[in-house]
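Working through the structure, step by step
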Amino acid sequence: MIDKIIKALQSQPVSDYLLRDVQKETVELFFIKKNLDMRRAENVRDCSVTVYRDFEKEGRSCRGEASFTVGPSFSEEEISEKCKKAYLSAGFVANPHYELPSGKKIDRVTVESDLAGMPLDEAAGRMVQALFAPEQSENDLSRGVSASQPDPSFVVKSESQDNSRAFLNSAELFVEKTTCHIVNSRGVDVSYVKYNVNGELVAQCKNPQDVETYEHFSYDTLDTVGLSALVERTLRMTEDRALASAMPATGVYDVLLSDEYAAEIFRFYLERGAGDMIYQHMSDYQVGDFVQGAPGEVTGPLLNLDYVPTVPYSYEGLSMVTLPCMVDGVFRNIHASARFCEYLGVKATGRYTKLSCPSGDTDFEEMKKHPGLYVVNFSDFQMNSLSGNFGGEIRLAYLNDGKTITPVTGGSVNGSIFEAQKDFVFSRETQDLPAFRGPKAILLKGVAVAGAEGSPA
C-alpha cells in the first residue's frame, strides 16, 4: 500500500511527506456476567498520510501540512485526488518552516513482551481465566475458556445468590498485535510490532443498595496476576460502596491516592514538559529551572522523573529512548515532535506518553493507617496541566479518624499540585501502567474536600 501511495504523491507537486501504515490484528471477547456473549476477530489496516508544502508568506518561510487516511481498498485515482486536496489545504497552514527528521531503513523491531509470538487466541484464553479467577473455584477454572480457542458457548458458574456480594456484570477484553511502518521523504523507514491486552469491566453489588463500579485495564505483557488483582480489588470496592452512605465532612484532609489516580497526578509533569505546551506559553518550564516550587519549601522528596518510551519510534520515526525529565526537582529535557523541538532550539526527541518515578520508603499498608481520606474510586478524577488543579467526585473513600475506618461516598476532592508537590509521600510498592511506572500510592497533604456540613475527623 505504501508504494501505491508514494506513486500517487509523485503525481502531484508534493516534495515532502510522512506515511504511517498501521495494521492491527485483534481478538475481541464480550461477556455478559460470565457468559461469553460474542467473540470477534479483526484485521484492520490503514495508512495516515501527511503532506507538507513549503511557501512564503509576508516574507517568512512557511511549511504547511495536511493529513488524510488511506484504506487498502482505495484506488490510485482516489489516493491522487486526496493528495491533491491535501496539498491545496497545506497552503493555508502558515507554520514557521522546520526540518523533517532524516534517517534510513532499519530492520523491524518487536517490542519485548511475553505476548510476542503467542497466538492471540491463547493469550485471550489465559487472560479470561485471570479475569474470572476471583469469582471461580479451581473446578470452575478447569472448565474455563480453552487456552487455544475461547468457546462462545462456555458459561462459567453463575454469580452467588447472596445479593450482598459483588459480581462481574459485564466485561470486554481485547488482545491486539499492532504492526506500524513509518516512512517519510527524507529517508526514514522504520517499523515495529507491539502487543497489548486491554479492556474494561463493570462490577455490581445489589444490596444494601444497587451500585456499579467501572474499571479499565491495559497491559503490554501477559499480566494475569495484575488482572486478577484488579478484579478482586474492584469487587471488594463495589461491596464497600454498597455499604457506604455517609459523606465526608467538608474540610482539609491528607488524601491518599493509589493505582491509576496516583499515576494521574504525574501527568502534570509529562504535559508541562511537552514542547508544544512550552512553545505556546501554556507551560513555564525552562531547562535548568527548579520547577518543584520554591527550593526552600520542599520538605518531601525531590522529584526524579524519566520519560519512558512505550514504542521504539515516535509518530515521525524518531528513535525513542529513556530520557531524564527532572533531576532533583530541576527540569532537564523538553520532549516534542521535530517541529516544536526546532522552534525551541533543542534536539528532536519525539512526544512521550509515559513517565517513571522512583518508589518511596513507606509501606502502602502504613500509608492506609495515616489519618485522612483514602479515595479508591472517583466518578472522574482529572489533573489539569494548565491550572495545576486536580480533583474529582468521590464514589468511594475510606475515612480514617485515627481510631476507626469508615467507607464514605459523595463530596469531592479539590487540590493544587503547586501546594501538594512540596511534601509528597510515596509508597515503597510500585506499579507499571501504560502512562506511568513508579509508586503505587501517593499521599497528598492538606487537600480541600467538599462534603457534608460539619468538622472533618
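Residues numbered from 1 in each chain as written. Predicted model: local features only at pLDDT ≥ 70, side-chain atom pairs only at ≥ 80, totals over all residues. Heavy atoms only, no water.

1. Thoughts on the overall build of the protein
Stated precisely, the cut-off is as follows: Strands are runs of DSSP state E lasting at least 2 residues, helices are runs of H or I lasting at least 4, and numbering of each runs from the N terminus. Atoms considered for the radius of gyration are the C-alpha atoms alone. The globule rule reads 2.2 Å times the number of residues to the power 0.38. Burial here depends on accessible area, computed with a 1.4 Å probe over protein chains only, as a share of the maximum for the residue type. Under 20% is buried, over 50% is exposed, and the range in between is partly exposed. In this description, contact between two residues means that some pair of their heavy atoms is separated by no more than 4.5 Å. What sets the accessible areas is the Shrake-Rupley method with a 1.4 Å probe; for residues, cover comes only from the shown protein chains. Positive residues here are Lys and Arg, negative ones are Asp and Glu, while His and the chain termini are left out of the count. For charged residues, the charge sits on one atom: NZ in Lys, CZ in Arg, CG in Asp, CD in Glu.
Along its length, the protein carries 10 helices and 21 strands. What you see for the protein is a C-alpha radius of gyration of 25 Å, in line with the 23 Å of a compact globule of 457 residues. By principal-axis analysis of the C-alpha atoms, the protein measures approximately 75 × 65 × 35 Å. Within the protein, the proportion of its 457 residues that are buried is 50%. Counted over contacts in the protein with a minimum sequence separation of 6, partners at least 24 positions apart contribute 70%. Total accessible area on the protein is roughly 20,900 Å²; 48% of this is exposed by carbon and sulfur atoms. With 46 positive and 65 negative side-chain charges, the protein shows a separation of 3 Å between the mean positions of the two kinds.

2. Let's talk about the nonpolar core
Put simply, the test is: Here, nonpolar core refers to any group of buried Ala, Val, Leu, Ile, Met, Phe, Trp, Tyr and Cys residues whose side-chain atoms link them within 4.5 Å.
Core analysis: the biggest nonpolar cluster contains 47 residues, and Leu-257, Ile-265, Phe-266, Tyr-269 and Phe-424 have the highest contact counts within it. Listed by contribution, the elements that provide at least two residues to this core are strand E8 (251–258), helix H6 (259–272), strand E9 (305–307), strand E10 (323–327), strand E13 (372–378), strand E15 (389–400), helix H10 (417–420) and strand E21 (441–450). For Phe-424, the contacting residues outside a window of four places in its chain are Ile-265, Tyr-269, Gly-300, Pro-301, Leu-303, Ile-417, Ile-442, Leu-443 and Leu-444.

3. Quick word on the sheet that holds strand E19 (residues 430–433)
Under the convention used in this document: Should DSSP find at least two bridges between two strands, the strands are regarded as paired. Interaxial angle, 0 to 180 degrees, is taken between N-to-C directions of lines fitted to C-alpha atoms, where a helix line uses only the stretch in contact.
Taken together, 6 strands build an open sheet; the order of strands is E11-E10-E9-E12-E20-E19 and the sheet is mixed. Only two strands of the sheet have a single neighbouring strand rather than two, namely strand E11 (330–331) and E19. Relative to E10, E9 is paired through 3 bridges, and the arrangement is antiparallel. Within E10, the residue paired with Tyr-307 across the bridge is Leu-323. Contacts between H6 and the sheet are confined to E9, E10, strand E12 (355–356), E19 and strand E20 (436–439), with E19 contributing the most and set at about 70 degrees to the helix.

4. Side note on H6
Selection criterion: Two axes enter the bend calculation: one fitted to the seven residues ending at the residue in question, the other to the seven starting there, and the bend is the angle between them.
Largest kink in H6: about 30 degrees, centred on Phe-266. A large share of H6 lies buried, amounting to 11 of its 14 residues. Within H6 the residues assigned to the buried category are Asp-259, Tyr-261, Ala-262, Ala-263, Glu-264, Ile-265, Phe-266, Phe-268, Tyr-269, Leu-270 and Arg-272.

5. Brief notes about the side chain of Thr-26
Basically, it comes down to this: The definition of a polar contact used here is a pair of N or O atoms within 3.5 Å, where within protein one atom must be able to donate a hydrogen and the other to accept one, and adjacent residues in sequence count solely through side-chain atom pairs.
Within the fold, Thr-26 resides in strand E1 (residues 16–32). Side chain to side chain, Thr-26 and Glu-28 meet in a polar contact 3.1 Å long. Non-local contacts of Thr-26, meaning those with residues more than four positions away in its chain, are made with Arg-40, Ala-41, Glu-42, Leu-120, Val-175 and Glu-176.

6. Let's talk about the pairing of strand E2 (residues 35–57)
Strand direction decides the pairing type here: E1 and E2, joined by 17 bridges, are antiparallel. When the sheet's bridge partners are listed, Phe-31 is paired in E2 with Leu-36. Counting the residues in the hairpin turn of E1 and E2 gives 2 residues, including Lys-33, whose phi is positive at 50 degrees. Inspection of the sheet shows E2 paired to strand E3 (residues 60–70) by 11 bridges, in the antiparallel sense. Residue pairing in the sheet places Cys-47 in a bridge with Val-70 of E3. Between E2 and E3, which pair antiparallel and follow one another directly, the connecting turn spans 2 residues, one of which, Glu-58, has a positive phi of 50 degrees.

As far as function goes, none of this settles anything; it's purely spatial.
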